[in-house]
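# Chains, contacts and geometry: an overview
Single-letter residue listing:
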Amino acid sequence: MKILYILKHNPWGIGGGCYACRNYMDAFRDVFHGADFDFCICEEYLKDRDTDYPENVRFVGVKPRGRLSKLMSPITGLLHRHQKMASGLLRSGEYDYCVFDESGIAGSLVEAAKKYGVKTIVINHNYQVEYSRDNTKSWLKRQLILPVVEQCERVSYLNCDYNIFLTEEDKAKFKEVYGASTTKDFVGGCFLRKGDEIKPDCLKPFNDDRLKIVISGTMGNVQNLDGLTYFLDELYPLMPDGMDVVLTGKNPPQSLIKRVEDYPNITIIPNPKDILSIIEQCDIFLCPTRLGGGMKLRVMDGFRCGLPVIAHKISARGYSGFEKEGFLFSFDSNDSFKKSLDILTRQVTNGNVSYKQAILSYSKELLYENKIVELRNKLRCF
């Protein structure tokens, strides 16, 4: 068996999309154990490879697009650089399956794959129209590119053989916008990286004197910076006295660093070498991000350290099981944030929520090995 795997994200990079990309890349290699894989990837990502790969894995680097090609995207309908390389590989007739790491790529290649008898699997990281809208600053660029994003996603969703979604909410959104698809599908969610575990040394008591809230993630991008600004402007005034806040993550802008200086109980820790060692010293994980689609994978930082989580309802998508078990509280207004924080604070201080309880629940749902079994069972009949 031979599989062509076309990557949008850098599997060795930093960020939610990169994390999910790497996890599914490893998962498919385990599900289709022994198969030959050709990974079609942006050539500059190859310098980030952090491990050696066996002989049955080959990486095919793709050079960047020219400026004119990018500018012509609203006319050509091409949102990526892989078209020529991938079309040639599919034409060879060597492949049994083609896995697309994103619908924007699949939208222009799924028909070609079918033409050459290749079965197609698309990993939908999010509802891409929503993600592109919320993360594209230029109004003009949004007007030009969003119709192409929507068309590619529609073609991909309706014409591939198998759709994988990260959340039930995304699956429902696709059906609402694009109609019912006759393709097979399932919600795979996300999970810890292969070999990772929820560390037992997280089993420590909560801070007795002053509870500590932590917000993590890359700080300079559009949706995360919006969430941090929202927290400082609207949510911070609702916090009780005697509670500390830690902000940690990659590349905080100087404007944020300067602003935080005015808050005596907020500490900012930029670009930490080990972000989990910071998070596990806190008591409650907060994700105030309210833009974008898909799963907010930074929430898993909190889960992995055994912390209960408060998340904006946009960031809580995909984690409904943990909400039912009482380890995640979602909010969509200032009032519901205050209510969630008050309830969770009481539960933590009264001992009704413990790291041990949380870790047992998180391990069951997030361990890589458990997800591989689920993924293999879902794809068995494919």
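Side-chain alternation along strand β11 (residues 284-287) places Ile 284 and Leu 286 on one buried face and Phe 285 and Cys 287 on a second face that is also buried. Here strand β8 (residues 211-216) pairs with β11 via two bridges, running parallel. Residue pairing in the sheet places Ile 213 in a bridge with Ile 284 of β11. Bridging between β11 and strand β12 (residues 309-312) involves three bridges; their strand directions are parallel.

In this section: the layout of surface pockets. Volume-wise, the second largest pocket comes out at about 390 Å³. Lining the second largest pocket are 19 residues, and of these Gly 318, Tyr 319, Gly 321, Glu 365 and Lys 371 sit closest to its centre. Every element with two or more residues in the lining of the second largest pocket is listed here: α8 (168-178), α13 (320-324), α15 (355-366) and α16 (368-379). A total of three residues in the lining of the second largest pocket trace back to one element, the largest contributor, which is α13. Taken together, the residues of the lining of the second largest pocket sort by class into seven nonpolar, six polar and six charged.

What follows deals with the sheet that holds strand β3 (residues 57-62). Ordered in space as β3-β2-β1-β4-β5-β6-β7, the seven strands form an open sheet in which the pairing is parallel. Sheet topology places β3 and β7 (184-187) at the edges, where each strand pairs with a single neighbour. Averaged over all pairs of adjacent strands, the angle between their axes in this sheet comes to 15 degrees, without regard to strand direction. Alignment of strand β5 (residues 119-124) against strand β6 (residues 162-165), held across four bridges, turns out to be parallel. Note that in β6 the partner of Ile 123 across the bridge is Ile 164. Across the sheet, helix α5 (residues 103-115) lies against β1 (2-6), β4 (97-100) and β5, angled at about 170 degrees from β5, the strand it touches most.

Bringing the side chain of Ser 181 into the picture now. Within the secondary structure layout, Ser 181 lies in the loop between α8 and β7. Take Ser 181: its relative accessible area is 18%, and that puts it in the buried class. In terms of polar contacts, Ser 181 uses its side chain to reach the side chain of Thr 183, at 2.9 Å. Contacts of Ser 181, omitting those with residues within four sequence positions, involve Tyr 157, Leu 158 and Asn 163.

This part takes up empty space enclosed by the protein. With the rule as written, the count across this model stands at three cavities of 30 Å³ or more. In terms of lining residues, the largest cavity is bounded by 14 residues, among which Ile 215, Ser 216, Asn 224, Leu 228 and Thr 289 are the most central. Of all the secondary structure elements, the ones that give two or more residues to the lining of the largest cavity are β8, α9 (222-235) and β9 (243-249). Tallied by class, the residues present in the lining of the largest cavity amount to six nonpolar, seven polar and one charged.

The next point concerns the nonpolar core. Nonpolar side chains tend toward joint burial in soluble globular proteins. Core analysis: the largest hydrophobic core is formed by 64 residues, its most contacted members being Tyr 5, Phe 28, Phe 32, Phe 59, Phe 303 and Tyr 319. Not counting residues within four places of it along the chain, the set of residues in contact with Tyr 5 comprises Tyr 24, Met 25, Phe 28, Phe 37, Asp 38, Phe 39, Cys 40, Val 99 and Ile 123.

Before going further, it helps to examine the sheet that holds β9. Here six strands make up an open sheet; going across it, the order is β10-β9-β8-β11-β12-β13 and the pairing parallel. Each edge of the open sheet is held by one strand with a lone partner, namely β10 (266-270) and β13 (328-331). Between one strand axis and the next, the sheet turns by 20 degrees as a mean value, whatever way the strands run. As paired strands, β8 and β9 are joined by six bridges and run parallel to one another. Residue pairing for β9: Ser 216 is matched across the bridge by Thr 248. Sheet contacts for helix α14 (residues 334-349): β8, β9, β11, β12 and β13; angle to β13, the most-contacted strand, approximately 165 degrees.

Conventions adopted
Residues numbered from 1 in each chain as written. Predicted model: local features only at pLDDT ≥ 70, side-chain atom pairs only at ≥ 80, totals over all residues. Heavy atoms only, no water. Buried < 20%, exposed > 50% of the residue type's maximum accessible area, 1.4 Å probe, protein only. Helix = DSSP H or I, 4+ residues; strand = E, 2+ residues; numbered from the N terminus. Pairing = 2+ DSSP bridges. 1 Å grid on protein atoms, 1.4 Å probe; cavity = no way out; pocket = protein on both sides within 12 Å on 5 of 7 lines; lining within 4 Å. Points joined across faces, edges and corners; volume = space filled by probe spheres on them. Nonpolar A, V, L, I, M, F, W, Y, C, P; charged D, E, K, R; others polar. Axes fitted to C-alpha atoms, helices over the stretch in contact; angles between N-to-C directions. Contact = heavy atoms within 4.5 Å. Polar contact = N/O pair within 3.5 Å; in protein donor to acceptor, adjacent residues only side chain to side chain. Core = buried A, V, L, I, M, F, W, Y, C linked by side-chain atoms within 4.5 Å.

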